[in-house]
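# Summary of the model geometry
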Amino acid sequence: MPALKAADTAAVPPMAGKAPSLPLTTTFEKGTAREMGPYVLKLKNDSKDALKVNVKILLSVAFHMGSKHWDLPEHVIDPGQVWTVPDLSAGDKISITAQGFAPLELVVP
């Protein structure tokens, strides 16, 4: 039995190599005319350092001649600040990445 247990633990990768979660609080809100779109995503930086994030949006509804995804330019969110991503629709899939952190995947409700 000890040999079997040793084999089982060797097959499980250690958690030490896993990237930490992005220190962001995310909220979806109904958009206003000023903010554009049926929904907006608010990203609040909860860390003590600025975060340089990349956001990719896979659109749930695309037009025939339009792109099916958006790649937003890299954006820096200062500590404690909120960045609003406008013009989102229900079902859009959002991927947020930053160097040194695990990607964050969201779907607009």
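Above this note sits the structure.
Residues numbered from 1 in each chain as written. Predicted model: local features only at pLDDT ≥ 70, side-chain atom pairs only at ≥ 80, totals over all residues. Heavy atoms only, no water.

In this section: the sheet that holds strand S2 (residues 39–45). In space, the 3 strands of this open sheet follow the order S1-S2-S6, with antiparallel pairing throughout. Among the strands making up the open sheet, the edge pair consists of strand S1 (24–30) and strand S6 (82–88). Direction aside, neighbouring strands of the sheet carry axes that sit 20° apart on average. Looking at chain direction, S2 and S6 are connected through 5 bridges and run antiparallel. Residue pairing for S6: Tyr-39 is matched across the bridge by Leu-88. (Pairing = 2+ DSSP bridges. Helix = DSSP H or I, 4+ residues; strand = E, 2+ residues; numbered from the N terminus. Axes fitted to C-alpha atoms, helices over the stretch in contact; angles between N-to-C directions.)

Note: strand S3 (residues 51–58) against strand S7 (residues 93–97), 5 bridges, orientation antiparallel. Residue pairing across strands places Ile-57 opposite Ile-94, the latter belonging to S7. Turn length for the S7-strand S8 (residues 104–107) hairpin, with the two strands adjacent in sequence and antiparallel, is 6 residues, and the turn residue Gly-100 shows positive phi of about 90°.

Moving on, we get to the side chain of Asp-92. Positionally, Asp-92 belongs in the loop between S6 and S7. Of the polar contacts made by the side chain of Asp-92, one reaches the backbone nitrogen of Ser-89; its length is 2.9 Å. (Polar contact = N/O pair within 3.5 Å; in protein donor to acceptor, adjacent residues only side chain to side chain.)

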